[in-house]
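Given next are the chains, with one letter for each unit.
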Amino acid sequence: MGSFQKKYTHMLLLIPVALGSSASAIFITTVNSFMNQPQGFTLINGIMKDIHPIAAMLNPATPTKVSHVLASSYTLSAGILAGIAAFSLLRGRDHVYYKKALKLTTVSALVFAVSTVMIGDSSGKFLAKYQPEKLAAAEWHFKTMKEAPLVYGGILDENNEVKYAIEIPYALSILAGNRPDTEVKGLEEFPADLRPPLSIHYMFDLKVTTGVIILMIPVLYVLRRWLPGRKPYPKWLLLGIVLLGPLAMIAIELGWMFAEVGRQPWILRGYMKVAEAATTSTSVGWMLVLFILLYLILCFSCIRVLSKLFRNKEAEKELESLGLEGGIVH
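Residues numbered from 1 in each chain as written. Predicted model: local features only at pLDDT ≥ 70, side-chain atom pairs only at ≥ 80, totals over all residues. Heavy atoms only, no water.

Visitor: Would you explain the overall build of the protein in this entry?
Guide: Counting its regular elements, the protein contains 14 helices and six strands. Taking all 330 residues of the protein together, the buried fraction comes to 35%. For the protein, the share of sequence-separated contacts (at least 6 apart) that also reach a separation of at least 24 residues comes to 70%. Only carbon and sulfur atoms are counted for the fraction: they give 68% of the accessible area of the protein, which is about 20200 Å². (Helix = DSSP H or I, 4+ residues; strand = E, 2+ residues; numbered from the N terminus. Buried < 20%, exposed > 50% of the residue type's maximum accessible area, 1.4 Å probe, protein only. Contact = heavy atoms within 4.5 Å. Areas by Shrake-Rupley, 256 points an atom, 1.4 Å probe, with all protein chains shown as cover.)

Pasting the structure below:
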């Protein structure tokens, strides 16, 4: 029992932290889901009445949004840890700890990345059903039609004609309803003042492109033994793994930008526009400055503490002090 405690007790201590972080993400994302698909209340003369918090939280947007946020966050976490292990190997630290850490975190990143892609497909079907104007704007889809193609890249001219884009036949209809003959609503069906900005097309494309790269890097790691070259960890592959964390962060930010800008002009879809919700407070600027300073201090402190920990006690020596060296090797 003593050996088990030595090896696994410190890992078990991480479980409450992980659960707490996940719960926080769930509650925050349900609020955002409510903004996209509000329910659980009755609006009488501009005032919310008969409020049901659970119904508001469990709105149609919650399942896809919460699961997408969690999967992408886990992908980011795994990507950062994989990057640390890959960076250590690039620096010539060949201890088995880093090799096993690289395998565990990179494979985990692959699993979470695949989950994110699958949930993203469900998100597309959610948009087709509940926010068709957002899906249409993201794909520059102006006319309602079946067998709708998915538009990647390109530019719009003054007549909203798409140029220089790659069109994937039937893909938008398949995304919307799993069938190539699914009818996808076009922007022509929505008033001009209720259409999201067409710039979200680029956010969506960049997010998808980044997501594909994030998925391919761990796939190449898994297939590395069949790749050309004799080195077990090619330098180019390790460099790619180092980029997993930053790429995942970029993808998450692009996803949030797409979600929030794509909801425009609504702050609370169907009930309140952004212009109606804008604050008249004169202290917003100072609050922004204070929050920026706060997060800079937290970021600096976190980097300083972690870097000091890594410098003062290397992973190999810590494993030896805990008596875990043999367990890692075997």
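Visitor: Would you mind going over the packing of aromatic side chains with me for this structure?
Guide: Per the counting criterion, the structure on display carries seven aromatic pairs. A centroid spacing of 5.9 Å and a plane angle of 65° characterise the contact between Phe-34 and Phe-41, whose relative ring orientation is edge-to-face. Relative to Phe-258, the ring of Phe-204 lies with its centre 5.4 Å away and its plane at 45°, an arrangement referred to as tilted. You can see Phe-204 sitting in helix H8 (residues 200-222) and its partner Phe-258 sitting in helix H10 (residues 244-261), a full 54 residues away along the chain. (Phe/Tyr/Trp six-rings, centres within 6.5 Å; stacked < 30°, edge-to-face > 60°.)

Visitor: For this particular structure, what's the right way to read empty space enclosed by the protein?
Guide: A water-sized probe, rolled over the atoms, reveals where empty space remains. Considering all chains together, one arrives at one cavity of 30 Å³ or more under this definition. In terms of lining, the largest cavity is formed by Gln-131, Glu-133, Leu-194, Gly-262, Arg-263, Gln-264, Pro-265, Trp-266 and Arg-269. Residue classes in the lining of the largest cavity are distributed as three nonpolar, three polar and three charged. (1 Å grid on protein atoms, 1.4 Å probe; cavity = no way out; pocket = protein on both sides within 12 Å on 5 of 7 lines; lining within 4 Å. Points joined across faces, edges and corners; volume = space filled by probe spheres on them. Nonpolar A, V, L, I, M, F, W, Y, C, P; charged D, E, K, R; others polar.)

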